[in-house]
Number of protein chains: 2
Amino acid sequence: MCLGAGINWTMFPSNLFSGLLTDLYELTMAAGYVQNRFDVRATFELFVRHLPLNRNYLVAAGLEQSLDFLENVHFPAEEIAFVRGLPIFRHVQPGFFDFLERFDFSGDVWALPEGTVFFPGEPLLRVTAPIAEAQLVETSLLSILHLQTLIASKAARVTAAAAGRSVVEFGSRRAHGTEAAVFAARAAYIAGCAGTSNTFAGHFFGIPVYGTQAHSWIMAHDDEAEAFSNFLDVFPEQSTLLVDTYDVRKAIDKIIMLGRKPGGIRLDSGDVLADSLWTRRRLDQVGWKDVQIFVSGDLDEHRIENLLCSGAPIDAFGVGTALSTSADAPYVGVIYKLVEVELDHRIRSTAKFSADKKTYPGRKQVFRLATAETTYCSDIIGLEDETFGSAEPLLVPVMSRGQRLETARQDPASAVRMAQARFLAEKARLPNGLLTLGIADPPYPVSYSARLEELCEQARQSFTTSPLT
Amino acid sequence: MCLGAGINWTMFPSNLFSGLLTDLYELTMAAGYVQNRFDVRATFELFVRHLPLNRNYLVAAGLEQSLDFLENVHFPAEEIAFVRGLPIFRHVQPGFFDFLERFDFSGDVWALPEGTVFFPGEPLLRVTAPIAEAQLVETSLLSILHLQTLIASKAARVTAAAAGRSVVEFGSRRAHGTEAAVFAARAAYIAGCAGTSNTFAGHFFGIPVYGTQAHSWIMAHDDEAEAFSNFLDVFPEQSTLLVDTYDVRKAIDKIIMLGRKPGGIRLDSGDVLADSLWTRRRLDQVGWKDVQIFVSGDLDEHRIENLLCSGAPIDAFGVGTALSTSADAPYVGVIYKLVEVELDHRIRSTAKFSADKKTYPGRKQVFRLATAETTYCSDIIGLEDETFGSAEPLLVPVMSRGQRLETARQDPASAVRMAQARFLAEKARLPNGLLTLGIADPPYPVSYSARLEELCEQARQSFTTSPLT
């Protein structure tokens, strides 16, 4: 079965760009807008309300896949038939199903480039489109940006703890499915990992791939030394040998007895500090000073920091589950909120005043101020037409009338490399306090501009004086 | 671009069945096995070493997608070219790339049916195949089974806390990507949820879909009452109206003033206990006793239990992030371990004796014993040819020589319904202590059979007396 034209299947395999990858209420609301001929142009902003546990900043990632989605999202005929058949759509008129059939996202999008460091309240993405369109894409945009931003923000901590040593993302087996594994690899690379074990991510995004051997390789052989020797036969220069299947020190002695120098030694369990110290000494004794020590096994940023503080002579780390699920904080509270509606050139800024869930109205821009030494010192969230001296506006246009801008169109490998370069440049400009594993005190200062506060107050006034309230 | 034949794209869109959706070391080991002509038949078992935080049992889910993967996994030419071009494969001979080109999983698989309750140490899946094949599929099998087992095990807690009231899975926006969102919906349904907001999961798996409206619907209108009225026009019978955008009680009075009875009222923030009590009284006063109260907003099993214990008159819950990321325990330590190798009809049972990471050798079966009242009382993990009186063996054959057995072939909707039915039947037979939110004390008793312990000891002996050790 060959699916419709216009979809570039090589773009990313695990995404059908189905319009149904969304919450049902996006469809009911879209039907409501279409049927009521509610032809307003709406602006939604996607942002985070609070920092997750243990985070001092967030790292924007996932924009490429969001734009792929917006460029390609559509409703195949059988999906429209499914919606039409749902009891709740019983009274919906045919115009809505025609709308789904013709659906082709036509909005404007501004976003933070991937790799940008950002903070709560700051829009990661801003969508302006006919309201039914902007509403329909909400769930997918949140889901796509959430995953990679979550993992990149965790990876930034892990790579900071590794203090210059390589970190390889190793978590495909515990990421939340095969698609999440690929995107976790991508996000981890953006935030400074040296590479991934995920071969698909290597192929598709040009991310360096790393791999050693599993315990099963050793166990499958009658004899551990034979297992090492057979592996070295096939990979004579780049074998990293796993030595903890039975007994770490005996295994290393077996390798030395073979007289064949491997590329590296991998420790995956046990007392890694003691074993790495012993291993380094033993390897150095036989003149194998360039054989690297690679450590994995239930690592996270805290274990890495502790090992390095204790002087463990480790050259590189493989970090799996904790990184690829962001285990200590497995979600970020991303939200997508209506901030403005425009009907017949009349603009109304909108806000929400629910208990503990207030939002700010209006189209925003994020302005970042730096010291004379170029260290970032504070952000101002203002309205899009404001300026603040030399402050850098962070949101850039990426899509206009549904077309991706040329400046936002790159091959997958270039995009991910540029995002990593941006993150590394940003990281170098962050105040040091933000880069520690503890909670930064004070936190990075972010404020709302006076004009934005004023607009918020106006929205509240106009709401509380509205006749029906 | 039309991709190769043999792939049923309707099976699941977000899975290309690419052989590269794996860790690089699976490929290096496979190359090692092929090049060394290491033609053993291997048996691997996929299981969990420990219960995650806060769990008394696990719920098996994801088998359908695992079998889809095993039936379809292959290596397209450009993926083989990618592997061949990696520096580490420089010395690998062409035979391995021919092997990848011809790759077609030919193994036998036994598994726990989806919806089965299981415990640490018990194989969820057992694969017997030529070792290179069995090794190559490791990462994907772990990743696929991990996600759904993780979410089903969390959902079982959430539905238990709801004590008969409906729970709808609402977490697509915070699940780890659009694929994870669909599978989280599936797994949540298996473990007793009434449905999902994920429309794709509704379409593909026949899971009931639910949706209300977002704050944006209300905010987009100048007037809240008009927003309610416009929605009721389009969905006159099934509107669930969201009342917390500005002020819950004023919103409900506006709906009453409209004189049009909605299907339900949704509370999404604030003091849900007080508001639900007030709302129920107010609705009942005007004779709207059948208008349901639906609650969402940062719910988990503990908040649901607290609300119901406090007498909150809630008819149904929408549970998002906490459920769809299994937020309190966002991973399960699934592993895939070699337990047996067979070479020229000689069988060797294998085990790992690393510090704190011991595994048991041999092909296993799980035997579940029940009381006269049919309540489950203990499990024995034994060898596959053992029997224990009336104890039920849980692992069943699902694939033979790479072909899915007819008994394991169902349409997606029937499979998920049967899995839910199995889980509900299992749940009814679990000891009550396991169904509470606290840690069961004592835990469910699981032991290894005497023959298995003996085989483990033999493996250890043969290892420690091996000449090269």
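For clarity, every value in this text was computed on a predicted model and none was experimentally measured.

Enquirer: What is the right way to look at the overall build of chain A in this model?
Expert: Helix and strand content of chain A: 16 helices and 19 strands. Taken over the C-alpha atoms alone, chain A extends approximately 85 × 60 × 40 Å along its principal axes. Within the span of chain A, comprising 469 residues, buried residues form 54% of the whole. Here the analysis covers contacts within chain A between residues at least 6 apart in sequence; of these, 73% occur between residues at least 24 apart.

Enquirer: Explain the sheet that holds strand β14 (residues 364–370) of chain A to me, please; I cannot follow it from the model alone.
Expert: To summarise the sheet geometry, strands pair through backbone hydrogen bonds and adopt either a parallel or an antiparallel arrangement. Residues and elements named next belong to chain A. Spatial ordering of the open sheet is given by β16-β14-β15-β19, a layout of four strands whose pairing is mixed. In the strand order of this sheet, the two ends are held by β16 (392–393) and β19 (446–448), each with one partner. Examined bridge by bridge, β14 and strand β15 (residues 376–383) share seven bridges and lie antiparallel to one another. Bridging across to β15, L369 finds its partner in S378.

Enquirer: What should I look at first to understand the sheet that holds strand β11 (residues 316–319) of chain A in this one?
Expert: Residues and elements named next belong to chain A. In spatial order, the strands read β7-β6-β11-β10-β9-β8; together these six strands make up an open sheet with parallel pairing. Unpaired on one side and paired on the other, β7 (195–196) and β8 (240–242) mark the two borders of the sheet. Pairing of β8 with strand β9 (residues 264–267), which is carried by three bridges, proceeds in the parallel orientation. Opposite T240, over in β9, you have G264 as the bridge partner.

Enquirer: Looking at this model, I keep getting lost on the packing of helix α6 (residues 138–162) of chain A against helix α7 (residues 178–190) of chain A. Mind explaining?
Expert: Packed helix pairs are specified by the crossing angle of their axes together with the interaxial distance, meaning the distance between the axes. Residue and element names in this part refer to chain A. α7 packs onto α6 with a crossing angle of 45° between their chain directions and a minimal axis gap of 8 Å. Classified by the angle between their axes, α6 and α7 sit oblique to one another. Considering only the axes of α6 and α7, their crossing is right-handed. On α7, the residues that touch L147, Q148, I151, A152 and A155 of α6 are A180, F183, A184, R186, A187, A188 and I190. Residues belonging to the contact of α6 with α7 are distributed by class as follows: 10 nonpolar, one polar and one charged.

Enquirer: I keep staring at the relation of the copies chain A and chain B and nothing clicks. Help me out?
Expert: Here the second copy of the chain follows from the first by a rotation about an axis and a shift along it. The two copies are related by a screw operation: chain A maps onto chain B through 180° of rotation and 0.0 Å of translation along the axis, at an RMSD of 0.0 Å. Both copies are brought into coincidence by an operation consistent with a two-fold rotation axis.

Enquirer: What is the right way to read the environment of L430 of chain B from this model?
Expert: Residue and element names in this part refer to chain B. You can see L430 is positioned in the loop between α15 (412–429) and β19 (446–448). The spatial distance from the C-alpha of L430 to the C-alpha of A156 is 12 Å, given a sequence separation of 274 residues. With residues up to four places along the chain from it excluded, the contact list for L430 reads Y57, V117, Y376 and L435.

Enquirer: Looking at this structure, how should I read the packing of helix α1 (residues 24–35) of chain B against helix α4 (residues 94–102) of chain B?
Expert: Residues and elements named next belong to chain B. Relative to each other, α1 and α4 sit at 115°, their axes nearing to 9 Å. Our classification of the angle between α1 and α4 gives roughly perpendicular. The crossing of α1 and α4 is right-handed. On α4, the residues touching A31, V34 and Q35 of α1 are G95, F96 and F99. Partitioned by chemical class, the residues of the contact of α1 with α4 number four nonpolar, two polar and no charged.

Enquirer: For this particular structure, what's the right way to read helix α12 (residues 272–285) of chain A?
Expert: Residues three or four positions apart in an α-helix share a direction because the helix packs 3.6 residues into each turn. Residue and element names in this part refer to chain A. Compared with the 20 Å implied by 1.5 Å per residue over 14 residues, the 19 Å span of α12 between its first and last C-alpha is a close match. Those residues of α12 hidden inside the fold are in contact with α11 (248–258), β9, β10 (292–295) and α13 (301–309). Just beyond α12, the residue with positive phi is G287, at close to 85°.

Enquirer: I tried to follow the interface of chain A and chain B on my own but got confused; where do I start?
Expert: It is common to give the size of an interface as the accessible area lost on bringing the parts into contact. Residue-level contacts link 104 residues of chain A with 103 residues of chain B. It is helix α1 (residues 24–35) of chain A that provides the largest number of residues to the side of chain A that touches chain B, a total of eight residues. Looking at the side of chain A that touches chain B residue by residue, the class counts come to 50 nonpolar, 40 polar and 14 charged.

Enquirer: When you look at helix α2 (residues 63–72) of chain B in this model, what are you seeing that I'm missing?
Expert: All names here are of chain B. Most of α2 is tucked away: seven of the 10 residues are buried. When we look at burial in α2, the residues that qualify are L63, E64, Q65, S66, L67, F69 and L70. Along its buried surface, α2 packs onto β3 (108–111), β5 (125–130), α6 (138–162), β17 (396–400), β18 (403–404) and α15.

Enquirer: Honestly, the domain arrangement of chain A in this entry has me stumped. Any pointers?
Expert: All names here are of chain A. Looking at the assigned domains, one finds that chain A contains domain 1 (24–150 + 329–464) and domain 2 (152–324). Inter-centroid distance (C-alpha atoms) of domain 1 to domain 2 is 38 Å. Residue-level contacts link 19 residues of domain 1 with 22 residues of domain 2. For the side of domain 1 that touches domain 2, the element with the highest residue contribution is helix α15 (residues 412–429), accounting for seven residues. Within the side of domain 1 that touches domain 2, the residues separate by chemical class into 13 nonpolar, four polar and two charged.

Enquirer: Explanation requested: the pairing of strand β6 (residues 166–169) of chain B in the structure shown.
Expert: Working note: regular strand, side chains alternate between the two faces of the sheet. All names here are of chain B. Here β6 pairs with strand β11 (residues 316–319) via four bridges, running parallel. Bridge pairing in β11 places E169 opposite V319. Two elements, β6 and strand β7 (residues 195–196), share two bridges in a ladder whose sense is parallel. Opposite V168, over in β7, you have G195 as the bridge partner.

Enquirer: Help me understand the environment of L53 of chain A, please; the structure alone is not making it clear to me.
Expert: Inspection of the secondary structure puts L53 of chain A in the loop between β1 (41–48) and β2 (58–59). Along the chain, L53 of chain A and L20 of chain A lie 33 residues apart, while their C-alpha atoms are 32 Å from each other.

Enquirer: In this structure, what is going on with unusual backbone geometry? I would like to understand it.
Expert: It is generally the case that most residues other than glycine have a negative phi and that most peptide bonds are trans. Cis rather than trans, the peptide bond between D441 of chain A and P442 of chain A has omega equal to 5°. Take P442 of chain A: it is sitting in the loop between α15 and β19. Although it is not a glycine, N54 of chain B sits at a positive phi angle of roughly 65°. Residue classification places N54 of chain B among the partly exposed residues on the basis of 16 C-beta atoms within 10 Å. Positive phi outside glycine occurs at D298 of chain B, with the angle close to 55°.

Enquirer: Can you walk me through the environment of N54 of chain A in this structure?
Expert: Residues and elements named next belong to chain A. In this structure, N54 sits in the loop between β1 and β2. Once the C-alpha coordinates of N54 and A440 are considered, the two residues, 386 residues apart in sequence, prove to be 9.4 Å apart. Residues within four places of N54 in sequence aside, it is in contact with D328 and A329.

Enquirer: Can you help me understand the confidence of the model for chain A in this one?
Expert: Where the model shows low pLDDT, its predicted coordinates should not be examined in detail. Residue and element names in this part refer to chain A. For chain A, the mean per-residue pLDDT works out to 93, and 94% of the residues sit at or above 70. With pLDDT under 50 throughout, residues 1–15 is counted as low confidence; its partners more than four residues away or in other chains account for 26 contacts. The ipTM, which scores confidence in the relative placement of chains, is 0.95 for this predicted complex, and the corresponding pTM is 0.95.

Enquirer: Help me understand the pairing of β17 of chain B in this model?
Expert: Residues and elements named next belong to chain B. Where β3 meets β17, three bridges bridge the pair, whose relative direction is antiparallel. In the sheet register, V109 faces β17, and the bridge partner there is M399. For β17 and β18, the ladder comprises two bridges, and the chain directions are antiparallel. Note that in β18 the partner of S400 across the bridge is Q403. In this antiparallel pair of consecutive strands, β17 and β18, the connection spans two residues, and R401 shows a positive phi of 50°.

Basis of the calculations
- Residues numbered from 1 in each chain as written.
- Chains lettered and ligands numbered in written order.
- Predicted model: local features only at pLDDT ≥ 70, side-chain atom pairs only at ≥ 80, totals over all residues.
- Helix = DSSP H or I, 4+ residues; strand = E, 2+ residues; numbered from the N terminus.
- Buried ≥ 20, exposed ≤ 12 C-beta atoms within 10 Å, placed from the backbone.
- Contact = placed C-beta atoms within 7 Å.
- Pairing = 2+ DSSP bridges.
- Axes fitted to C-alpha atoms, helices over the stretch in contact; angles between N-to-C directions.
- Parallel < 35°, antiparallel > 145°, perpendicular 65-115°, else oblique.
- Left-handed = near helix turned anticlockwise from the far one by under 90°.
- Nonpolar A, V, L, I, M, F, W, Y, C, P; charged D, E, K, R; others polar.
- Least-squares fit on C-alpha atoms with pLDDT ≥ 70 in both.
- Expected span 1.5 Å × (residues − 1).
- Domains from an automatic or database assignment.
- pLDDT = per-residue confidence, 0-100.

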